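# Report on the structure
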Amino acid sequence: PELFRDADLKLGEKLIRENRCSECHARKFGADGSSIYRPKGKINTPAALRGMVDYCSTELNLGLFPEEVTAVAAVLQRDHYRFGISPAARPASGR
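Residues numbered from 1 in each chain as written. Predicted model: local features only at pLDDT ≥ 70, side-chain atom pairs only at ≥ 80, totals over all residues. Heavy atoms only, no water.

Most of helix α4 (residues 66-81) is tucked away: twelve of the 16 residues are buried. Burial in α4 covers these residues: Glu 68, Val 69, Thr 70, Ala 71, Val 72, Ala 73, Ala 74, Val 75, Leu 76, Gln 77, Asp 79 and Tyr 81. Buried residues along α4 sit against α1 (9-18) and α3 (46-59). Two residues or fewer past α4, Arg 82 is found with a positive phi of approximately 60°. (Buried < 20%, exposed > 50% of the residue type's maximum accessible area, 1.4 Å probe, protein only. Helix = DSSP H or I, 4+ residues; strand = E, 2+ residues; numbered from the N terminus. Contact = heavy atoms within 4.5 Å.)

On to the packing of aromatic side chains, then. Counted by the stated rule, this structure contains one aromatic pair. Note on Tyr 81 and Phe 83: the rings are 5.6 Å apart at their centroids and 20° apart in plane angle, and the pair reads as stacked. The exposure class assigned to Phe 83 is buried, which follows from its relative accessible area of 16%. (Phe/Tyr/Trp six-rings, centres within 6.5 Å; stacked < 30°, edge-to-face > 60°.)

What follows concerns the packing of α3 against α4. Interaxial distance between α3 and α4 falls to 9 Å at its minimum, and their mutual angle equals 125°. Our classification of the angle between α3 and α4 gives oblique. When you trace α3 past α4, the crossing you get is right-handed. Residue-level inspection shows Leu 49, Arg 50, Val 53 and Asp 54 of α3 in contact with α4, the latter providing Pro 66, Val 69, Thr 70, Val 72, Ala 73, Leu 76, Gln 77 and Tyr 81. When the residues that make up the contact of α3 with α4 are grouped by side-chain class, the tally is eight nonpolar, two polar and two charged. (Axes fitted to C-alpha atoms, helices over the stretch in contact; angles between N-to-C directions. Parallel < 35°, antiparallel > 145°, perpendicular 65-115°, else oblique. Left-handed = near helix turned anticlockwise from the far one by under 90°. Nonpolar A, V, L, I, M, F, W, Y, C, P; charged D, E, K, R; others polar.)

Encoded structure:
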């Protein structure tokens, strides 16, 4: 999506690791935390995804800059949400 066109994916990956996003999601949602990526309609646009990352940054006092929020959201778009990608074009893993 256009919102993520110039996002720095390497930065997003680094921020996800450094801020231990997966560990927090596992604590809040159980198992490996991946159920957070399928909240049945809650996150249904690229803008809503970016907004949720911004919300996490604010609530957890991460202090991410706008371009960092976009970078994290772009990685989540690529790895989990795939807005604008037809189901036939998605990898078999569901990513």
